[in-house]
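Read off the chains here:
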Amino acid sequence: MWSNVISIDKMYDREIDYILGRLQSTKDLSYAVEESKNRLWIYLAGICDRQEELEDEVQSILDVVFLSFIKLRFFLNKLHIRSMTHAKCALICSIVHFDREFESGIVTKTLKSALDYNVDGLMNFRLCALSEGWQELADLANRLLEGCNNEADIYDIATFITGSEGKLNQLVLNHNRLRNLTCHKSVEVVKLFDQDEYNLLSAIIREKPSEILIEGCHFTPPMNATLKKIVRVIEK
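Residues numbered from 1 in each chain as written. Predicted model: local features only at pLDDT ≥ 70, side-chain atom pairs only at ≥ 80, totals over all residues. Heavy atoms only, no water.

**Some thoughts on the packing of aromatic side chains**
Centre distance and the angle of the planes are the two values used to describe a pair of aromatic rings.
Move 1: Taken as a whole and judged by the stated rule, the model has five aromatic pairs.
Move 2: For the pair F74 and W134, a centre-to-centre distance of 5.6 Å together with 65° between the ring planes defines the contact as edge-to-face. Remark: W134 occurs in helix α6 (residues 128-146) and F74 occurs in helix α2 (residues 51-78); sequence separation between them is 60 residues. As far as burial versus exposure is concerned, F74 and W134 are alike and both buried.
Move 3: For the pair F75 and W134, a centre-to-centre distance of 6.5 Å together with 45° between the ring planes defines the contact as tilted. (Phe/Tyr/Trp six-rings, centres within 6.5 Å; stacked < 30°, edge-to-face > 60°. Helix = DSSP H or I, 4+ residues; strand = E, 2+ residues; numbered from the N terminus. Buried < 20%, exposed > 50% of the residue type's maximum accessible area, 1.4 Å probe, protein only.)

Structure follows, in structure tokens:
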């Protein structure tokens, strides 16, 4: 029997909800939860024949925790942004998903060498180089934000960041279901924000789109305007 444990500070409430939701839908994986006043432990178990697949799935979950949830928390705390708008969400998500492939490699290597998955412990010690890089990016973004006079300037920063990594993929959004046609995969819309449009915007930006085909969707004017600022939009 394969077993392991995820432990995490209970302040990470969104992260915990995400982890438990993903674990619940993972085939051949059992888990049990134990908690104290400030901490949660999730005990994992599965058959040995599925160990490699289960470890890959758990590490995929934690990759999102580190590089979407915790990274977003970091930048929301560090950036000089008071109230959220679609334009500011586009900027923040561009920063959060910047350098994702490289950072994901670091997270994967760290998790594969870890005896257990102490989320905040790994973030504070084994992955501290990531947060040091995030701080440099936050300092740069704040300097750029100081020169912003309107939302057009904010979009310019967001497109500058996303454009530096290339826009590679064609997406289709059908009745709020997002799919990457270039990579032939469904795209997970992670609930990072309280607003559904912000979550969808984050998922789209993460895929580095060059074009998006939209069918059967009804968005607010700010969402429509934001999409057209960051990607070529085709509506049906």
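That was the structure; now back to the text.
**Some words on helix α1 (residues 13-24)**
Move 1: Here α1 contains 12 residues, and its C-alpha end-to-end distance of 17 Å stays within 8% of the 16 Å for a straight helix at 1.5 Å per residue.
Move 2: Of all the residues in α1, the buried ones are E15, I16, Y18, I19, R22 and L23. Along the axis of α1, the buried positions cluster into a sector of 165°, meaning they face one direction only. Among the exposed residues of α1, those pointing more than 90 degrees away from its buried face are D17 and Q24.
Move 3: Where α1 is buried, its residues contact β1 (2-9), β2 (29-35), β3 (39-46) and α2. (Expected span 1.5 Å × (residues − 1). Arc of directions from axis to C-beta. Contact = heavy atoms within 4.5 Å.)

**Describing the state of the cysteines**
Move 1: For the structure on display, the rule yields zero disulfides.
Move 2: Free of any disulfide, C89 has its nearest cysteine sulfur in C93, 3.8 Å distant.
Move 3: Using a relative accessible area of 0% as the deciding quantity, one classes C89 as buried. (Disulfide = S-S within 2.5 Å.)

**Examining the side chain of T226**
Move 1: Along the chain, T226 falls in helix α9 (residues 221-230).
Move 2: Within polar-contact distance, the side chain of T226 engages the side chain of Y155 at 2.7 Å.
Move 3: Sequence-distant contacts of T226, defined by excluding residues within four places in its chain, comprise H86, A87, A90, Y155 and L201. (Polar contact = N/O pair within 3.5 Å; in protein donor to acceptor, adjacent residues only side chain to side chain.)

**Some details on the layout of surface pockets**
Move 1: Here the largest pocket is characterised by a volume of approximately 540 Å³.
Move 2: Those elements giving two or more residues to the lining of the largest pocket turn out to be α2, α4 (100-112) and β7 (185-186).
Move 3: Residues of the lining of the largest pocket, tallied by class, amount to four nonpolar, five polar and 10 charged. (1 Å grid on protein atoms, 1.4 Å probe; cavity = no way out; pocket = protein on both sides within 12 Å on 5 of 7 lines; lining within 4 Å. Points joined across faces, edges and corners; volume = space filled by probe spheres on them. Nonpolar A, V, L, I, M, F, W, Y, C, P; charged D, E, K, R; others polar.)

**Points about the packing of α2 against α4**
Move 1: Interaxial distance between α2 and α4 falls to 10 Å at its minimum, and their mutual angle equals 130°. Taken together, α2 and α4 sit at an angle that is classed as oblique. Along this stretch, α2 crosses α4, giving a crossing that reads as right-handed. Along its contact with α2, which presents D56, Q59, L62, D63, V64, F66, L67, S68 and K71, the element α4 presents R100, E103, S104, V107, L111 and K112.
Move 2: Along the lines of polarity and charge, the residues of the contact of α2 with α4 split into six nonpolar, three polar and six charged. (Axes fitted to C-alpha atoms, helices over the stretch in contact; angles between N-to-C directions. Parallel < 35°, antiparallel > 145°, perpendicular 65-115°, else oblique. Left-handed = near helix turned anticlockwise from the far one by under 90°.)

**Points about the pairing of β1**
Move 1: Burial analysis of β1 places six of its eight residues in the buried class, which makes it a mostly covered element.
Move 2: Pairing of β1 with β3 involves eight bridges; the strand directions are antiparallel. Counterpart to S3 in the pairing with β3 is A45.
Move 3: Across two bridges, the pairing between β1 and strand β4 (residues 117-118) is parallel. Following the sheet pairing, I6 is matched in β4 by Y117. (Pairing = 2+ DSSP bridges.)

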